[in-house]
Amino acid sequence: MARIVMKFGGTSVADLDRIHNVARHVKREVDAGHEVAVVVSAMSGKTNELVAWVQNMPKVSGGNAPFYDAREYDAIVASGEQVTSGLLAIALQSIGINARSWQGWQIPIRTDNAHGAARILEIEGEDIIRRMGEGQVAVIAGFQGLGPDNRIATLGRGGSDTSAVAIAAAVKADRCDIYTDVDGVYTTDPRIEPKARRMKKIAFEEMLEMASLGAKVLQVRSVELAMVFKVRTFVRSSFVDPDAPGMGDFDNPPGTLICDEEEIVEQEVVTGIAYAKDEAQISLRRLADRPGVSAAIFGPLAESHINVDMIVQNISEDGSRTDMTFTVPSGDLEKASKVLSENKEKIGYDVIQSESGLVKVSVIGIGMRSHAGVAATAFRALAEKGINIKAITTSEIKISILIDGAYAELAVRTLHSCYGLDKS
């Protein structure tokens with residue numbers, strides 16, 4: 001017998017038939033003798049609908065600006081998960097499984113006060129552990145917790161993944177299964193490269209890089225928590241028949257295991273290729289090369305909640321002037337340009353230039369730590385395809401390359417092939 005946390009995303013609970021299918025997945029684990037908690041997202045499309053209602057209400061009421069209280073936003077958008085948890089509890093009860101629904105505040109999952117993007121501080125899981133030990137399935141509304149102001153606080157989009165991993169850590173689960181509409185983590189996006197392979201295992205650190213660099217399988221925060229608390233996490237498909245061969249295999253179910261790198265015997269040099277579209281590049285020309293100039297640039301951007309990624313600095317031959325180039329999400333380009341213009345005198349640049357429609361392609365692998373020439377292989381392969389590189393950043397286990405958006409798919413396929421990831 002083991003303790004398992006199962007999480008089901010919006011597409012997995014999109015309608016009543018799919019919720020019944022989820023109940024069958026849960027029943028399989030209960031029948032195997034496991035203690036089970038289930039975390040659910042809102043039904044597919046429901047959160048978007050609720051967010052739109054929040055955004056449109058001030059306009060309907062005649063407001064001059066789309067202002068709304070973030071605490072009320074949380075109260076509204078968290079209701080989607082509340083509906084799903086209740087429906088799944090009913091579905092389980094209907095097939096003879098003892099189950100009850102839990103909202104974040106009932107456990108409670110305690111968060112900070114950042115409504116709309118709260119972070120989990122503590123989970124008091126004793127009551128759930130006791131109920132699970134008595135054979136009751138806990139069906140928990142994901143994406144939500146209880147803020148210090150005693151009001152519902154939501155964790156940001158994709159927050160149900162984080163809820164699931166945090167609950168798994170709190171109840172000391174043997175495993176956390178993330179059920180989604182894909183059957184695991186692939187070496188790259190199979191929609192771009194049909195030869196992409198599903199991985200049996202991937203290290204926490206590699207998955208964290210892939211999630212932060214464009215892979216949409218898991219929310220970044222959930223991978224961070226899994227890595228910190230060493231929660232063995234399986235990415236699985238909810239669309240495989242619950243009773244298909246192997247689905248009940250506790251040690252090696254179909255899917256991808258995200259685990260400590262010590263569990264991975266044969267470490268590939270490169271594990272996967274990730275990409276992020278809609279990147280924009282900003283260049284500040286002829287800055288004075290003096291202490292404090294970087295703080296003058298990136299401080300105001302951080303205060304405006306603009307995420308800066310790749311940073312490249314070029315210094316003039318005499319060392320007196322410098323150019324600073326960096327990337328931001330395309331959606332933040334106009335806002336970033338405005339912030340920089342407002343601080344032009346303090347920063348001291350001559351000209352600001354920008355370019356949108358760029359793509360960041362990343363090569364990821366823990367094996368890169370002990371192998372030379374990985375970057376050179378990428379640069380050579382892209383050069384042979386005539387793809388110009390605009391910026392490069394590296395870390396111990398990743399290389400990120402900025403290119404024109406038109407070459408995104410070609411670059412992904414080229415890099416996937418040059419590292420042999422298309423070979424089984």
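In the block above lies the structure referred to throughout.
The structure displayed is predicted, hence computed values, not measured ones. (Residues numbered from 1 in each chain as written. Predicted model: local features only at pLDDT ≥ 70, side-chain atom pairs only at ≥ 80, totals over all residues. Heavy atoms only, no water.)

Draft legend 1. The pattern of salt bridges, seen in detail. Overall, the coordinates contain 32 salt bridges when judged by the stated rule. With a shortest N-O distance of 2.5 Å, E205 and R369 are connected by a salt bridge. With E205 in helix α7 (residues 204-212) and R369 in the loop between β16 (351-364) and α12 (374-384), the pair connects residues that are 164 residues apart, well separated along the chain. By relative accessible area, R369 is classed as partly exposed at 35%. Through salt bridges that share partners, D127, R130, R131 and E134 make up one connected network. (Salt bridge = Lys/Arg side-chain N within 4 Å of Asp/Glu carboxyl O. Helix = DSSP H or I, 4+ residues; strand = E, 2+ residues; numbered from the N terminus. Buried < 20%, exposed > 50% of the residue type's maximum accessible area, 1.4 Å probe, protein only.)

Draft legend 2. How the structure looks around the sheet that holds β16. Strand order in the open sheet formed by six strands is β14-β15-β13-β16-β18-β17, with antiparallel pairing between adjacent strands. Looking at strand neighbours, the two that pair on one side only are β14 (311-315) and β17 (391-395), the edges of this open sheet. With direction set aside, neighbouring strand axes in the sheet form an average angle of 30 degrees. Sheet topology places strand β13 (residues 272-288) next to β16; 11 bridges connect them, and they run antiparallel. Note that in β16 the partner of L284 across the bridge is I352. Packing of α12 onto the sheet brings it into contact with β17 and β18 (398-404), and relative to β18 it is tilted by some 20 degrees. (Pairing = 2+ DSSP bridges. Axes fitted to C-alpha atoms, helices over the stretch in contact; angles between N-to-C directions. Contact = heavy atoms within 4.5 Å.)

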